[in-house]
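# A structural walkthrough
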Amino acid sequence: MKQFIRKADIILFIVLVITGLAASAALTLSHDEAGSNAKVIIESGGDLYARYPLSEDRTVVVPAPKQISVDAPAADPDESASAQYDYYNVVIISGSKVSVTEASCKNQVCVKHGAISRPGESIVCLPNRLVVRIENGSEEGGGYDSVTS
Amino acid sequence: MTQSPHKAADRKSLSASFIARVGLMAALALIFSYVEAIIPYNPGVPGIKLGIANVVTVVALYKFGARDAAAVSVIRVVLAGLLFNGLFGMLYALAGAVVSLTGMILLKKTGLFSVTGVSMAAGVLHNLGQLLVASALIEDLRIFFYFPVLMFSGIAAGILVGIASTLVLRTLR
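Parameters at a glance
- Residues numbered from 1 in each chain as written.
- Chains lettered and ligands numbered in written order.
- Predicted model: local features only at pLDDT ≥ 70, side-chain atom pairs only at ≥ 80, totals over all residues.
- Helix = DSSP H or I, 4+ residues; strand = E, 2+ residues; numbered from the N terminus.
- Buried ≥ 20, exposed ≤ 12 C-beta atoms within 10 Å, placed from the backbone.
- Contact = placed C-beta atoms within 7 Å.
- pLDDT = per-residue confidence, 0-100.
- Pairing = 2+ DSSP bridges.
- Axes fitted to C-alpha atoms, helices over the stretch in contact; angles between N-to-C directions.
- Left-handed = near helix turned anticlockwise from the far one by under 90°.
- Expected span 1.5 Å × (residues − 1).
- Bend = angle between axes of the 7 residues up to and from the residue.

## Section: the overall build of chain B
Within chain B one finds six helices and zero strands. Expressed as a percentage of the 173 residues in chain B, the buried residues total 43%. Long-range pairs, those at least 24 residues apart, make up 70% of the contacts in chain B between residues at least 6 apart in sequence.

What follows is the structure, encoded as structure tokens:
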């Protein structure tokens, strides 16, 4: 054991760090591009509620499944979302970003989550069993099925 | 690196001293695995580990040679898998162990790198091997988003293990 570190070690270290940095840079860039025909998937109570292109701006009021199954009130476009449903989330797609701006739940985690714009990202509202996620249009069945350690 | 005097004699057969030595080292490595398994730390990303047990593997490689290191490593991974990490954890760890062992043996042969350097490369290769198995099992290449994280954690863990191994080897000599 001559010493802790030799010259070749430092070269190897630099090569590895650069590889890591290059890989993360490449991943970040490729990740950003993927939004061209990405879709916004809205799931409510575990079922698909709607699917919209990420590129089109729109506002969606998603009622919670409780409300759909019991006595869904007739949608009245003049009324605000809060008057129509007791349990709901307002999802806004704007400028290729998706955010939940209003929610009937107490914790408001989904609202505080902010906007998502990349495939694979998601916003979840547990009280209303809502999942909003972005998928790349070209690939079917996106998102991780499972991740283990 | 000087060759161990034991190495040439034990090459061909499973001698008693080889079995005793490997058994001892595997037991020690298993204790390290256990200690690591009970430390409650959660780095947030699966796969980030210090891998203290690899100190034993590195020491075995430098003190007794590739055969001892491979035996210790495989026995330790299989036992730790059965005892603490579960079957899939074992599969990942086995892939990582095979890849990193191969890399370590090759890098050691070049004679250019110190123990720390070899161990650093091993840390990265270990994570790479795990990632390859994970991507094959999950059949989703997007798991490679983990690659940079695992790369840096592998470098850090490998350097720490390397320094520890150097200190142990110094004392043993």
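## What to know about the overall build of chain A
Broken down by element type, chain A carries four helices and seven strands. Secondary structure elements of chain A occur, N-terminal to C-terminal, as α-β-β-β-α-α-β-β-α-β-β. A burial count over chain A gives 19% of its 149 residues as buried. A separation of at least 24 residues holds for 40% of the contacts in chain A among residues at least 6 apart in sequence.

## Points about the confidence of the model for chain A
Residue and element names in this part refer to chain A. Mean pLDDT for chain A: 75, with 72% of residues reaching 70 or above. Across chain A, the secondary-structure element scoring lowest on mean pLDDT is helix α2 (residues 65-69), at 53, and the one scoring highest is strand β4 (residues 88-94), at 88. The low-confidence segment residues 67-72 (pLDDT under 50) makes six contacts with residues lying over four places distant or belonging to another chain.

## Focus: the sheet that holds strand β5 (residues 97-103) of chain A
All names here are of chain A. If you trace the three strands from one edge of the open sheet to the other, you get β3-β4-β5, paired in antiparallel fashion. If you trace the sheet from one side to the other, it starts and ends with β3 (58-63) and β5, each paired once. Averaged over all adjacent pairs, the angle separating strand axes in this sheet is 25 degrees, with direction ignored. As defined by bridge partners, β3 adjoins β4 across six bridges and the pair is classed as antiparallel. Note that in β4 the partner of V62 across the bridge is N89.

## A closer look at the packing of helix α5 (residues 115-138) of chain B against helix α6 (residues 147-172) of chain B
Packing of α5(B) against α6(B) leaves a shortest axis separation of 6 Å and a crossing angle of 140 degrees. Handedness of the α5(B)/α6(B) crossing: right-handed.

## Points about the confidence of the model for chain B
Residues and elements named next belong to chain B. Mean pLDDT over chain B stands at 85; residues scoring 70 or higher make up 86%. Across chain B, element-level confidence peaks in helix α3 (residues 54-64) with a mean pLDDT of 94 and bottoms out in helix α1 (residues 5-10) with 52. For this predicted complex, the interface confidence score (ipTM) comes to 0.74, while the overall pTM stands at 0.62.

## Brief notes about the sheet that holds strand β6 (residues 122-125) of chain A
All names here are of chain A. Spatial ordering of the open sheet is given by β2-β1-β7-β6, a layout of four strands whose pairing is antiparallel. Edge positions in the open sheet fall to β2 (47-53) and β6, since each of these has one partner strand only. Taking each pair of neighbouring strands and ignoring which way they run, the sheet shows an average axis angle of 15 degrees. Both β6 and strand β7 (residues 130-135) contribute to a ladder of four bridges, which runs antiparallel. The residue of β7 that forms the bridge with I123 is V132.

## Details of unusual backbone geometry
Residues and elements named next belong to chain A. One non-glycine residue with positive phi stands out, namely S96, at about 60 degrees. As for its position among the elements, S96 is in the loop between β4 and β5. Residue class for S96 comes out partly exposed when judged on the 18 C-beta atoms lying within 10 Å of it. Here the phi dihedral of R129 falls at roughly 50 degrees; this positive angle occurs in a residue that is not glycine. Relative to the assigned elements, R129 resides in the loop between β6 and β7.

## Digging into the environment of A:Y85
Position of A:Y85 relative to the elements: it lies in the loop between α3 (81-84) and β4. Spatially, the C-alpha atoms of A:Y85 and A:V62 are 9.2 Å apart, while their sequence positions differ by 23 residues.

## Topic: helix α4 (residues 66-110) of chain B
Residue and element names in this part refer to chain B. Spanning 45 residues, α4 covers only 14 Å between terminal C-alpha atoms, well under the ideal 66 Å at 1.5 Å per step. Of all the bends in α4, the greatest, near 140 degrees, is centred on N85. Taken from the residues just after α4, G111 is the one with a positive phi, measuring 75 degrees.

## So, the pairing of β4(A)
All names here are of chain A. Of the strand pairs in this sheet, β4 and β5 are connected by six bridges, and their pairing is antiparallel. Paired with V91 across the bridge in β5 is V100. The antiparallel hairpin formed by β4 and β5 contains two residues in its connecting segment, where G95 sits at a positive phi of about 55 degrees.

## Comments concerning the environment of B:V161
All names here are of chain B. Its place among the elements puts V161 in helix α6. Judged by the 25 C-beta atoms lying within 10 Å of it, V161 falls in the buried class. Each C-alpha atom of the pair V161 and M120 lies 7.9 Å from the other, and the pair is 41 residues apart in sequence. Not counting residues within four places of it along the chain, the set of residues in contact with V161 comprises G51, N54, V55, V58, S119 and G123.

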